[in-house]
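Next come the chains, spelled out residue by residue.
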Amino acid sequence: MASDSPESLMTLCTDYCLRNLEGTLCYLLDNETLRLHPDIFLPSEICDKLVNEYVELVKTDSIFEPHESFFTLFSDPRSTRLARIHLREHIVQDQDLEAIRKQDLIELYLTNCEKLTAKSLQTLVSFSHTLISLSLFGCCNIFYEEENPGGCEDDCLVNPTRQVLVKDFTFEGFSRLRILNLGRLIEGVNVETLLRPLASLAALDLSGIQLNDVGFLTQWKDSLVSLVLYNMDLSEEHIQVIAQLRKLRHLDISRDHLSSYYKFKLTRRVLNLFVENLVNLTSLDISGHTMLENCTIPSMEEKMGQTSIEPAKSSIAPFRGLKRPLQFLGLFETSLCRLTHIPAYKVSGDKNEEQVLNAIEAYTEHRPEITSRAINLLFDIARIERCSQLLRALQLVITALKCHKDDKNIQVTGSAALFYLTNSEYRMEQSVKLRRQVIQVVLNGMESYQEVTVQRNCCLTLCNFSIPEELEFQYRRVNELLLNILNQSRQDESIQRIAVHLCNALVCQVDNDHKEAVGKMGFVMTMLKLIQKKLADKMCDQVMEFSWSALWNITDETPDNCEMFLNYSGMKLFLECLKEFPEKQELHRNMLGLLGNVAEVKELRPQLMTSQFISVFSNLLESKADGIEVSYNACGVLSHIMFDGPEAWRIYEPHREEVVKRMWAAIQSWDINSRRNINYRSFEPILRLLPQGISPVSQHWATWALYNLVSVYPDKYCPLLIKEGGIPLLKDMIKMASARQETKEMARKVIEHCSNFKEENMDTSR
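Quantities reported herein were computed from a predicted structural model and do not represent experimental measurements.

Reading the values: rules and limits
- Residues numbered from 1 in each chain as written.
- Predicted model: local features only at pLDDT ≥ 70, side-chain atom pairs only at ≥ 80, totals over all residues.
- Heavy atoms only, no water.
- Helix = DSSP H or I, 4+ residues; strand = E, 2+ residues; numbered from the N terminus.
- Expected span 1.5 Å × (residues − 1).
- Buried < 20%, exposed > 50% of the residue type's maximum accessible area, 1.4 Å probe, protein only.
- Contact = heavy atoms within 4.5 Å.
- Core = buried A, V, L, I, M, F, W, Y, C linked by side-chain atoms within 4.5 Å.
- pLDDT = per-residue confidence, 0-100.
- Phe/Tyr/Trp six-rings, centres within 6.5 Å; stacked < 30°, edge-to-face > 60°.
- Lys NZ or Arg CZ within 6 Å of the ring centre and 35° of its normal.
- Polar contact = N/O pair within 3.5 Å; in protein donor to acceptor, adjacent residues only side chain to side chain.
- Pairing = 2+ DSSP bridges.
- Axes fitted to C-alpha atoms, helices over the stretch in contact; angles between N-to-C directions.
- Salt bridge = Lys/Arg side-chain N within 4 Å of Asp/Glu carboxyl O.

(A) Main features of helix 11 (residues 368–384). With 17 residues, helix 11 extends 24 Å between its outermost C-alpha atoms, agreeing within 8% with the 24 Å of an ideal straight helix rising 1.5 Å per residue. Along helix 11, the residues that are buried comprise Pro368, Ile370, Thr371, Ser372, Arg373, Ala374, Ile375, Leu378, Phe379, Ile381 and Ala382. Check the buried side of helix 11 and you find it contacts helix 10 (353–363), helix 12 (390–403) and helix 13 (408–421).

(B) Here's a closer look at the nonpolar core. If you look at the biggest cluster of nonpolar residues, it comprises 160 residues, and the most contacted ones within it are Trp548, Phe565 and Phe574. Ranked by residue count, the leading element in this core is helix 28 (residues 696–712), at 9 residues. Beyond its immediate sequence surroundings of up to four residues, Phe574 is in contact with Trp548, Met591, Leu592, Leu595, Val616, Phe617 and Leu620. Formed by 106 residues, the second largest nonpolar core is a distinct cluster that contains Tyr54, Leu97, Leu227 and Leu273.

(C) Inspection of the environment of Leu471 at higher detail. Relative to the helices and strands, Leu471 resides in the loop between helix 15 (452–462) and helix 16 (475–486). The contacts of Leu471, once residues within four sequence positions are left out, are Ile439, Leu462, Ser466, Val478 and Leu506.

(D) Representation of the confidence of the model for the protein chain. Of the residues in the protein chain, 96% reach a pLDDT of 70 or more, and the chain-wide mean stands at 91. pLDDT under 50 marks residues 149–160. Its contacts with residues more than four places away, or in other chains, come to 8 contacts.

(E) A look at the packing of aromatic side chains. The tally for this structure, following the rule as stated, stands at 21 aromatic pairs. Aromatic side chains Trp670 and Trp704 sit 5.0 Å apart centroid to centroid with 70 degrees between the ring planes, which places their arrangement in the edge-to-face category. Of this pair, Trp670 sits in the loop between helix 26 (656–669) and helix 27 (684–687) while Trp704 sits in helix 28, and the two are 34 residues apart along the sequence. The same class applies to Trp670 as to Trp704, namely buried. Judged by centre distance (5.5 Å) and plane angle (35 degrees), the ring pair of Phe683 and Tyr717 falls under tilted. Here Tyr717 lies in helix 29 (residues 714–723) and Phe683 lies in the loop between helix 26 and helix 27, a separation of 34 residues in the sequence. Like Tyr717, Phe683 is buried. Grouping aromatic residues by their ring pairs yields a cluster made of Tyr54, Phe64, Phe70, Phe71 and Phe74. Taking the ring centre of Tyr230 as reference, the NZ or CZ of Arg367 above it sits at 4.0 Å. The ring centre of Phe473 lies 4.4 Å from the NZ or CZ of Arg436, which sits over that ring.

(F) Spatial organisation of the side chain of Asp541. You can see Asp541 is positioned in the loop between helix 19 (523–536) and helix 20 (542–554). One polar contact links Asp541 to Lys534, side chain to side chain, over a distance of 2.9 Å. If we ignore the near neighbours within four places in the chain, the residues touching Asp541 are Glu493 and Lys534.

(G) Broad picture of the sheet that holds strand 4 (residues 107–111). Pairing within the open sheet is parallel, and its 10 strands lie in the order 3-4-5-8-9-10-11-12-13-14. At either end of the open sheet lies a strand with only one pairing partner, and these are strand 3 (84–88) and strand 14 (344–348). Sheet twist, expressed as the average angle between the axes of neighbouring strands with direction ignored, equals 5 degrees. Sitting on the sheet, helix 10 is in contact with strand 12 (283–285), strand 13 (326–330) and strand 14, with an inclination near 80 degrees to strand 14.

(H) Quick peek at the pattern of salt bridges. Evaluated as defined, the whole model comprises 37 salt bridges. For the salt bridge of Lys534 with Glu493, the shortest nitrogen-to-oxygen distance reads 3.3 Å. You can see Lys534 sitting in helix 19 and its partner Glu493 sitting in helix 17 (residues 493–506), a full 41 residues away along the chain. On the basis of relative accessible area, Lys534 is assigned to the buried category, the value being 3%. With a relative accessible area of 44%, Glu493 lands in the partly exposed category. The closest approach of N and O atoms between Glu684 and Arg688, which form a salt bridge, is 2.6 Å. Overlapping salt bridges bring together Lys59, Arg88, Glu89 and Glu365 as one network.

(I) Looking closely at the environment of Cys113. Within the secondary structure layout, Cys113 lies in the loop between strand 4 and helix 4 (118–126). Judged by its relative accessible area of 0%, Cys113 is buried. As for Cys113 and Ile91, which are separated by 22 residues in sequence, their C-alpha atoms are 7.6 Å apart.

The structure is reproduced here in structure tokens:
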């Protein structure tokens, strides 16, 4: 299960080595094949961890690059020892098992390894003298081999190989094998013949296999302690055989009641038979079964007294014969789980949170069809009530999502549950490590599924995190996934809105390197395409406003992104939006903020020097939209343009002096105590307008901006101005003959504000 404890040194070292094999344990032979350094010897504790973690990384980390020759590192037991390994899905192929055939494996779990064929059966024989535990669960092709068909030459070209079932393989020679899982074994294999050579099986899993006769199980009646017959259509004959297996401690005859029609119905007599004969039983699973008759005690008696797990008080009559409470009782999707007195320490069911979590825990590994329904119940609990076992719930859902990355139902229900389990109500109970695990499985889901529900759930869940801080460790990946969503030809409106909001948040308050990297991913082009689409639809909605806001953020002090905006016809879209949506104040603020960033780049300012653009900026000086913001930003754009001097003014209309006059008028109309809808990370673009005499109005705009910000938000902006060397620049400007008197007066007030702030915040403690 996903853990909330700090990672062990062993885990950290293993992860580092796997991500840096060439720099640690290995070298590359002929630039392609991994080879272990000759002076390395690794014991089984380390080798097992390396293999098992490698499988986990390949499965759950899209950034991790698998190595084709990885398993060859463990081909020689003189330098590497393997004992217990767990391999999953497409990660392992015949040649990988073949590479480790000389190892003395004790435990080999192969789960849903669909690429394994009958070649691997022969490799298994290599481990026969040491193997104690073996799982072939879901390895649906391992009993098939390829055979050339007979017939004409043409037929060979069309069908060069065909799959033939291997029927002569048995576990002959596997003398130490005690634990065997053959779940979902392919139809046609004779299970009895296959297993007959095994002398003393202790645990056997035959999930999903239909056998009319299980009499052969009695050959292990003195050794079998665990038997799983999940989804096997039972009969009276099956029950009689099971009753003879008196050593059983764990019996699972559960089923998925939705998968197919089962004739068998549980009765009071069957349960009595189990209780009377299987006296060592500590775990029983009868989930999904329909009871043919009433097994419960009378209603009045059932509701009496406090809830008890004592068999004598059991609400399920046959279980009153138990000598002690069961450790586990599986009652998921049965009516029995809702009874008051259930004689078991742990019960899977759908009555309450505890039972649901027990179900997820018990069935995740091999029963995704059941797990998805259990997670759906957890989703309802988290949505409607308060989840009391939050840490456990989160860990179980994370584990299920990791384990079944390609199962759509798990991804839909799991991502929906995560949305509610990570909201602000539960935030204080979650560690950084746990929240990072959530982010990783959410991104896995977004990567694997283009399906609308999964994408929406994942995007909504990401909104529960502090952005960009909590997503920074996966910054590139999350941006790529969101841009991929936004670049799809057919888009769900709600997902589009959430994705743009996330994109905007991700480029706000991050360093310039991050912004430049995201710009190169196509961020600017994607936002402009969204704006273009909304313009065509004549719709100014949240997507439109968020897109302009995102462009404002990503161009902040990032010249390359500003240039991209201009190159991709951003100014054309600006003018069209201004014309189409003249009353949209928020939109105007975002657009002008963006153009302020463009105007800060000296090399790009000539592209703004057109009569059309300058007229638009001049007219916006008188705008009252969004308080002073639109007017302020328009004046900022013009201040940077004026800073280039009269020789850069290459247009006849409007005249430079006329625009300067309008700028002075605009600045004088603003309230110095205006609260602002703006966030400066640096004053550098403003400060560069101070030590110059070529444009007094630009100098005045910059001084007004500083005065407003240190007056209204002293705690934030006084330290920033001091840190960036603004005070000496203001003092020098006061001495300049070209500076206007009112500008100098304002500069003195800025200096005074910062001086007072320093005195008030001086540490006087001794």
